[in-house]
Amino acid sequence: MRPRRLVSLLLALALAACAHAKVYFKETFDDSWTERWTKSKWKEGEESEGDWAHTAGKWYGDEKMDKGIQTTPDARFYAIWAEMPEAFDNKDSDLVLQFSAKHEQKIDCGGGYIKLIPESSKDQMETFGGDTPYAIMFGPDICGYSTKKVHVILPYKGKNHLVKEDIKCKTDELTHVYTLVIHPNNTYQVYIDLKEEKTGSLYEDWDMLPPAKIKDPDAKKPDDWDERPKIDDPEDVKPEGYDDIPKTIVDPDATQPDDWDEEDDGKWEPPTIPNPEYKGEWKPKRIDNPDYKGKWVPPDIDNPEYVHDPELYHMAPLKYLGFELWQVKAGTIFDNIVVADDFEEAKAIAEETWGKTKDGEKEMYDKAQEEKKAKEEEERKRREEERKARGEDDDEEEEDYEPIHEDDDDYMETGKDEL
Ligand SMILES: *[C@@H]1O[C@H](CO)[C@@H](O)[C@H](O)[C@H]1NC(C)=O
């Protein structure tokens, strides 16, 4: 077969393989993005209202392709949303939510997650914000040294449930792709850069349902339940005369000092010492308790609060997507959002976008770091020269010194608590 024919055949096979796949939403943020995205009126006019820029950022592989939306300026609430052309009911179907995030600002504290929102939140979308009901909250969250994780929050019956597994997010300044897949058999996967980071069960890795079994609160330990592993040996008896052994005895080696004067010092009494024969109070030997039954635990009973939900994965029809974030240091760029019913489809989109530009982005990033270092070195030298010219010692402190880069500045941890 000629190579071209082979390629066509492979393409045809690939297409056939995902013939049933459907992409409900795909956003690569080309210049028409404002037709689809609406800034929320949530914080409109308030000082805390953040904005969104359309940019590929400081480093990218392809300036046009890598354009996304970026939070700006620092320490604000950012809220923006889009409507999917068609609602997605994930009954009996996989659900895939994917997007990329680039924390090029070297984020110290701020969310980087997306929300998938049900159709039922329609009336609240205009002011979409922290209180707007959502179906999934997914993506990285970084704050200080302790929070560096991928959130997967699934609200269930009015309560938000965090994934109990610790899924570490990326903390560098490059673009990373986050993918969540939820299957109708109530299992899930989290991928970062198309690599599986976590897989498990919706029943086990969240506490959406209360425990199916509980300890019977009415059970009582039976009176004859013996919990003592060891007992005194009833056969053991105290040896005769045991209690007559004194604790102390007169020191047999002591002698009256030569200069002892009975008139002045009184009658000499030899000191007493501990009796080596004395073995303490008598105690019977300890033996294994033949009646030992182990520690009593109340029996398990069915939890009356438990109602099994065989469709934990099934969400209300989904219609909106949104970013609703608080960031101390803004500058995160979001891009390439996909909602689909097939992971392979989402993966193909990621490979066509991020996959094609990530190496170029890394190159540009590395170059920028080198330039930054060189500039800092130059600056350091310039200051040294200045110091020398003024005739100051090297170790003398410069009062007007200002750090060029603010990476080491301490920011307060003001991450917004989702729960
Ligand atoms: C659940 O479904 C997925 C996708 O069909 C499959 O890969 C996985 O093995 C299933 N897991 C279980 C526990 O059945």
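To be clear, the structure that these remarks concern was listed above.
Residues numbered from 1 in each chain as written. Predicted model: local features only at pLDDT ≥ 70, side-chain atom pairs only at ≥ 80, totals over all residues. Heavy atoms only, no water.

Caption draft 1: Geometry of the pairing of strand E5 (residues 76–88). The pairing of strand E2 (residues 37–39) with E5 spans three bridges and is antiparallel. Along E5, the bridge assignment pairs Trp37 with Ala82. Sheet topology places E5 next to strand E21 (residues 318–327); nine bridges connect them, and they run antiparallel. Bridge pairing in E21 places Arg76 opposite Gln327. (Pairing = 2+ DSSP bridges. Helix = DSSP H or I, 4+ residues; strand = E, 2+ residues; numbered from the N terminus.)

Caption draft 2: Region of the structure containing a negative patch on the surface. Negative charge collects at one region of the surface, where Asp258, Asp259, Asp261, Glu262, Glu263, Asp264 and Asp265 lie side by side. Checked against the element boundaries, Asp259 lands in the loop between strand E17 (248–250) and helix H3 (262–265). For Asp259, a relative accessible area of 67% puts it in the exposed group. (Patch = residues over 30% accessible without salt bridge, like charges linked within 9 Å, V, L, I, M, F, W, Y side chains within 5 Å. Areas by Shrake-Rupley, 256 points an atom, 1.4 Å probe, with all protein chains shown as cover. Salt bridge = Lys/Arg side-chain N within 4 Å of Asp/Glu carboxyl O. Lys, Arg positive; Asp, Glu negative; His and termini not counted. Charge placed at Lys NZ, Arg CZ, Asp CG, Glu CD. Buried < 20%, exposed > 50% of the residue type's maximum accessible area, 1.4 Å probe, protein only.)

Caption draft 3: Layout of the side chain of Asn336. Within the secondary structure, Asn336 is located in strand E22 (residues 332–340). Among the polar contacts made by the side chain of Asn336, one reaches the side chain of Thr353 at a distance of 3.4 Å. In contact with Asn336, other than residues within four places in its own chain, are Glu27, Thr28, Phe29, Gln98, Phe99, Ser100, Thr353 and Trp354. (Polar contact = N/O pair within 3.5 Å; in protein donor to acceptor, adjacent residues only side chain to side chain. Contact = heavy atoms within 4.5 Å.)

Caption draft 4: Quick peek at helix H5 (residues 354–389). For H5, spanning 36 residues, the distance from its first C-alpha to its last is 51 Å, which sits close to the expected 52 Å at 1.5 Å a residue. Taken as a whole, H5 has its buried residues at Trp354, Thr357, Glu361, Tyr365, Arg383 and Arg387. Where H5 is buried, its residues contact strand E6 (95–103), strand E12 (175–182), E22 and helix H4 (343–352). (Expected span 1.5 Å × (residues − 1).)

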